[in-house]
Amino acid sequence: MSISANEIFAKIIDVAEGAFEDGWHIVKSYAPTEFKKMAIQLAEIAENIALYEKDNTQGYSPETGKILFKMQRTACEGVLIAVTHLTLITIQKALNGIIKDLKETFTGVIAAVV
Amino acid sequence: MKKLLIAVAASLLFDGCSGIRLVSDYDEVIDKGITDFAEQFNTHVKNMGDIAGRPDGTYEANLKTYNALDSKLDVMISRASSASEGKGCKLEKKILDHVKLVLKNDTPNEILSSDTAQSGDSNGCNERLLVLVKNQLSSVKQIHRYTDKCGVHNISCLRSATAKTALNIANQSINAVSIVETAKKQ
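For the structure given in this document, a descriptive report is provided here. (Residues numbered from 1 in each chain as written. Chains lettered and ligands numbered in written order. Predicted model: local features only at pLDDT ≥ 70, side-chain atom pairs only at ≥ 80, totals over all residues. Heavy atoms only, no water.)

## Concerning the pattern of salt bridges
Residue and element names in this part refer to chain A.
Here's step 1: In total, this model carries 10 salt bridges over all chains according to the counting rule given.
Here's step 2: Among the ionic pairs, E34 bridges to K37, the shortest N-O distance being 2.9 Å. Of this pair, E34 and K37 are both found in helix α1 (residues 5-54), 3 residues apart, which corresponds to roughly one turn of the helix.
Here's step 3: Classification of K37 as partly exposed rests on a relative accessible area of 27%. (Salt bridge = Lys/Arg side-chain N within 4 Å of Asp/Glu carboxyl O. Helix = DSSP H or I, 4+ residues; strand = E, 2+ residues; numbered from the N terminus. Buried < 20%, exposed > 50% of the residue type's maximum accessible area, 1.4 Å probe, protein only.)

Structure (structure tokens):
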């Protein structure tokens, strides 16, 4: 039995597609959802400062708003690190899936060579 | 001889490449720890919003809760820190370029230093994600202690509007830790 490059390629594509599908789904749904939350929260900060300036028993002060804005920047950094991490996890799973499948499929052939 | 060399190369490829690690392993302690922290933190902030203006809602009356939350995070940070052996978190270059473009001079030093770091790894990123959660807790404490005031006597408090916004924002940082650990587990 010979090892065909096309056969290996087909196997890699098959495994990679399966692995990336799940992983990318997480990345694709996570990042936009978090960015949308950020937009909503930034608007909320502006609204609450405006409320406070009209009536200081409502909303919150500009000083509090400034700290909340800093918190939003911190949250943004966390989301970006998580996206990087999730991408790496997806790649790792795809690579390991490919190696495992190739090993299972072609180990017999390699044994025959020896 | 040639066949033997091919066989050795092939087996090295399959054996050597099995179990490629680009990220650190799933850590149950951090996964469980961040879930516990999230529950306690959410309950605390919601409570503070509800009792704002009352003596039991002041910063001083709740110092113990903040210390307990802080300690919980310190334990997790210390665990992630020993795993990373002091290496930083290396952000993917394209993302880093965009971050620097948007934040300009405000880009945190921790991220900038990772730009040139040769040794940044995913354990360092775990640690950084937890440090960011700790920063969020510090900001909530700062608001509670200094900037939010309630009632005619201007006592320290966490206003209900502040509690709502702060919780939503802090939960994004907490979720970043959770989603990464959950993805590793799957």
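## Some points on the nonpolar core
Here's step 1: Counting 54 residues, the largest nonpolar core has A:L68, B:F37, B:F41, B:L130 and B:V140 as the members making the most contacts within it.
Here's step 2: Put simply, the parts of the chain that give this core at least two residues each are α1 and α2 (62-113) of chain A together with α2 (28-50), α3 (63-84), α6 (122-147) and α7 (160-185) of chain B.
Here's step 3: In this view, B:F37 contacts B:L69, B:K72, B:L73, B:M76, B:V133, B:L137 and B:I174; residues no more than four positions away in its chain are not counted. (Core = buried A, V, L, I, M, F, W, Y, C linked by side-chain atoms within 4.5 Å. Contact = heavy atoms within 4.5 Å.)

## Brief notes about the packing of aromatic side chains
All names here are of chain B.
Here's step 1: Taken as a whole, this structure holds 2 aromatic pairs over all chains when the rule is applied.
Here's step 2: Between the aromatic rings of F37 and F41, the centroid separation amounts to 5.6 Å while the plane-to-plane angle is 10 degrees, which identifies the pairing as stacked. Here F37 and its partner F41 are both found in helix α2, 4 residues apart, which amounts to about one turn of the helix. There is no split in this pair, since F37 and F41 are both buried. (Phe/Tyr/Trp six-rings, centres within 6.5 Å; stacked < 30°, edge-to-face > 60°.)

## A look at unusual backbone geometry
Here's step 1: Of note in this structure, B:N154 is not a glycine but carries a positive phi near 50 degrees.
Here's step 2: Examined against the element boundaries, B:N154 turns out to sit in the loop between β1 (149-150) and β2 (155-156).

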